[in-house]
Amino acid sequence: MWRRGAAAVVEPWMCCSGGGVWMSYRPSVASGAAWLMWILVEVILCVVNVVEGNRSDVSQGRNPDRHKRKHSWRRGSLGEVTCSCVRVRFAEMSLKGRFLKPGDDSNYAEDRSDVEPTSGTSFIFNPNRNLSLQAQRQRLPVFSLRSHILYLLENYQTVVVVGETGSGKSTQIPQYLQEAGWGQDGMICITEPRRVACTTLAERVAEECDVILGREIKYVTEGLLVREMMADPLLRQYSVIMVDEVHERTLFTDILLGLLKKVQRKRKDLRLIVSSATVDADQLFRFFNHNATKDKTKDTAAVVSVEGRNFPVDVFYLQEAAADYVRSSVDTVLKIHTKEGPGGVLVFLTGVEEVDKCVSALREESSRLGEKGGKMQVWPLHGSLHNSDQLQAFLSPPQGVRKVVVATNLAETSITLPGIVFVVDSGFVKLRWFNGQSDALVVVPASQASANQRAGRAGRTRSGQVYRLYKEEDFATLSQATPPEMVRTNLSSAVLNLMALGIDNMLRFDFPSPPPASHLIAALDELFALGAIGEDGQLTRPLGQNMAELPLPPQLAKMLLVSGEHECSEEILSIVAMLQVQNVFIDPRGGQRHIARARQRNFQVKEGDTLTLLNVYKSYLRSGQSSKWCGRYFINFRALRRAVEIRGRMERLLMQCGVEMKSCGGNVESIRRCITAGLFPSAAFLHHSGCYHSVRTSLPLHIHPSSTLYTLPQPQWVIYHEVLHTTQAFMRDLTVIEPSWLLELAPHYYEKTQLGDT
DNA sequence: GAGCACTGC
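In this convention, every chain numbers its residues from 1, walking through the sequence in written order. Chains carry letters and ligands carry numbers; both start at the beginning, A for chains and 1 for ligands, and go up in the order they are written. Local features in a predicted model are, by the rule used here, given only for residues with pLDDT of at least 70; side-chain atom pairs are given and counted only at 80 or more, and totals for whole chains, interfaces and linings are based on all residues. To get the side-chain values, take all heavy atoms of the structure and skip hydrogens and water.

An unreviewed UniProt entry annotates chain A as RNA helicase originating from Scylla paramamosain. According to its UniProt record, chain A has this under Sequence similarities (unreviewed entry): "Belongs to the DEAD box helicase family. DEAH subfamily." In its Catalytic activity (unreviewed entry) section, the UniProt entry covering chain A states "ATP + H2O = ADP + phosphate + H(+)". UniProt positions are given in the numbering used here, feature names are shortened, and annotations may be inferred rather than shown by experiment.

Shown next as structure tokens:
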């Protein structure tokens, strides 16, 4: 184990304030390549397309004025412009939130339109669980549409199925297809975004019918099907492909939809079912309808809606938008608590800070109310909470006590809480947003789909109520759905995958939602720098090809693939696995905090966070992968367990790529060199202004307070894994490096210049 | 002195 050591020695010649040797990014290398010029021409074409085409579903759908938010543009000292989102909480409006029952007061409008079966308020409820399997199947809402769906599939290449959770579409439609004989000339394939959904659905279907799963019906993840396309681009073994949960719009959903549309042109016999929960049916229909004429009989796609199973949810809006939605949600909860009948309350806010604020305000009010106001238990719920603390939100409160859970988005999709009857929706969500260079965390208005999803959390056992902290008119101005990942994330992985599939011209690819051209350029630029793309604009062999094989961000894939040469593949594997999981260190609230910090300090090393993570991983293995050990050191056991799993998978893939498994036996420098070889585009140096500057963009950067290096004397040169813009641009997962390594390991990317040259 | 949430090849 490496221990936290003394400060790094600062060599005077590296100090930028003293002049001397300097390092600069060589933009000429990337932009000078002929293919990049050609791509720029394509970009112009693409931009024209975008302007002419229909992109309203992306970011334009949001009305920035609605929540009186403004963007402030900050100018970096060297001319770079960064965007940070400043939240202004309805500054001009100071009316307090006040809710009444429908009919009590005309100030409050009730809206039941979004509890109609075709929209998003729903929860899974199985009233027929005592019936036989066959009887249960026939009672599912989708059963009445069985022959209609089969008819449409005979006549149209694509059928868009819009239905709620609980309608049974994911388990029943594949069986209808199989019963109708679609499984005879080829397999029926259903894709899901998550692995766990694949296994549970497959098990359920196997239980219900007598087919051999994997022979006639097959559930796969979207990513796996994309991978299958690398071997068989036309997917000849399938007769029908059903893409489920399309509304989630993951990167792979969009890649898959684009690719399947391509396949359809070549394979007229291939049938496609696209199933989605929200109202984006029309967009999907237009995307898959190859009919260019106005003659509806020539349509190649059709839409069918399936009812869900919903308990009614009453929706209330504020007469005036809340000035401070945290305060307003506290008031709303108190109003519910004193005026309404029993039932749990779930509050949706955007972040940990807001959750904590709301929880303490509610606890204060609750104790002020005392016994006469009725008892209230208030629990926070967010991802960085300790496991046992998260559990509190799930437990039933004692008789006569009302449970109030204040949560982040965590409770919207990934977790279902029992006993919730009332939902308080702030109307905002914090999202990760790629700005062309780095990711930012921005607070944005939640979409209509998201609002409906939140509303659906009210009342699993009976009808519920949702209180939205904005005006009814404002609901219509919200975007229909959260923007797909494709338009708001770093695209380097997606581009690499598409290139491995033979899509050479990314800008001409038929994306369901075209990403910004600048994001594509940034991705191509990064891949070129990493050597995954050659001068000819093609994927390089074997490096680029192998990078596409690894399910990792390209920089980490590169780092792994060169780790054999640096004789530290064992260590780099562990580091990469640890970088893939979040919240390794638990940060408890209250008195335990300093104990946790002190124990976690055992793992810290002066070389940075990556090596600290390696330390944690090795120590965890030495503990026998013990959860007790994790508890003692305030290490997230689940995260470590996942890291072990990821590492195993990566190791197998890496060996397939022909990389030798070697350990450097504690030679930290070779590990740091290897990290530099992968992450070199993300280098920063300590500027005389006191903060760091990115070598590539001169963007001012700061060490994230969670970093090992935050409390140590600042090293001159660092490499980071990612930058996250919140209050400032923070570098995370740092490694201390020598600048000479940049020249040595990435001579095509960096050149030595004298101060003043840049 | 700061941490939205996931997932996957």
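J.: What is the right way to read the pattern of salt bridges from this model?
T.: The working definition used for a salt bridge is a side-chain nitrogen of Lys or Arg within 4 Å of a carboxyl oxygen of Asp or Glu. As enumerated under the stated definition, the model contains 30 salt bridges in all. Between E179 and R146 there is a salt bridge; the shortest N-O distance is 2.7 Å. Here E179 is found in helix α5 (residues 169-179), whereas its partner R146 is found in helix α4 (residues 146-155), with 33 residues between them in sequence. Working definition: with a 1.4 Å probe on protein chains only, accessible area under 20% of the residue-type maximum means buried, over 50% means exposed, and in between means partly exposed. Accessibility expressed as a relative area gives 24% for R146, which makes it partly exposed. Notably, a salt bridge pairs R249 with D254, separated by 2.7 Å at the nearest N-O pair. Look at R249 and you get buried, because its relative accessible area is 6%. A run of H or I in DSSP becomes a helix once it reaches four residues, and a run of E becomes a strand once it reaches two; helices and strands are each numbered from the N terminus.

J.: How do you make sense of the packing of helix α20 (residues 554-561) against helix α21 (residues 569-580) when you look at a structure like this?
T.: Two packed helices can be described by the angle between their axes and the distance between those axes. One can describe the packing of α20 onto α21 by two numbers: an axis separation of 9 Å at closest approach and a directional angle of 165 degrees. If you check the angle between α20 and α21, you find them roughly antiparallel. The two elements α20 and α21 meet at a crossing, and its hand is left-handed. Facing L556, M559 and L560 of α20, the residues of α21 in contact are I572, L573, I575, V576, L579 and Q580. The nonpolar class holds Ala, Val, Leu, Ile, Met, Phe, Trp, Tyr, Cys and Pro. Asp, Glu, Lys and Arg form the charged class, and all remaining residues, Gly among them, are polar. For the contact of α20 with α21, the residue count by class is 8 nonpolar, 1 polar and no charged. In this analysis, axes come from line fits to C-alpha atoms, helices being fitted only over the stretch in contact, and the angle between any two N-to-C directions falls in the range 0 to 180 degrees. Note on terminology: angles under 35 degrees are roughly parallel, angles over 145 are roughly antiparallel, angles of 65 to 115 are roughly perpendicular, and the others are oblique. In a left-handed crossing the near helix is turned counterclockwise from the far helix by less than a right angle, and in a right-handed crossing that turn is clockwise. Any two residues whose heavy atoms approach within 4.5 Å at even a single point are treated as in contact.

J.: Would you mind going over the side chain of R249 with me for this structure?
T.: Of note, R249 is situated in the loop between β8 (238-243) and α8 (251-266). Here the side chain of R249 touches D254 through a polar contact of 2.7 Å, side chain to side chain. As used in this structure description, the phrase polar contact means that two N or O atoms lie within 3.5 Å; if the pair is within protein, one of them must be able to donate a hydrogen and the other to accept it, and residues adjacent in sequence are counted only when both atoms belong to side chains. Side-chain polar atoms of R249 contact the side chain of S513, separated by 2.8 Å. In contact with R249, other than residues within four places in its own chain, are D254, Q283, P484, E485, P512 and S513.

J.: Please clarify how the pairing of strand β23 (residues 729-736) should be interpreted in this entry.
T.: Successive side chains on a regular strand alternate, one facing one side of the sheet and the next facing the other. Across the 8 residues of β23, 6 count as buried, placing the element largely inside the fold. What makes two strands pair is DSSP finding at least two bridges between them. Pairing geometry for strand β21 (residues 700-703) and β23, over 2 bridges, is parallel. Across the sheet, I703 pairs through a bridge with M731, a residue of β23. Both strand β22 (residues 717-725) and β23 contribute to a ladder of 7 bridges, which runs antiparallel. Counted as the bridge partner of V718 is V736 from β23. A loop of 3 residues connects β22 with β23, the two strands running antiparallel in sequence.

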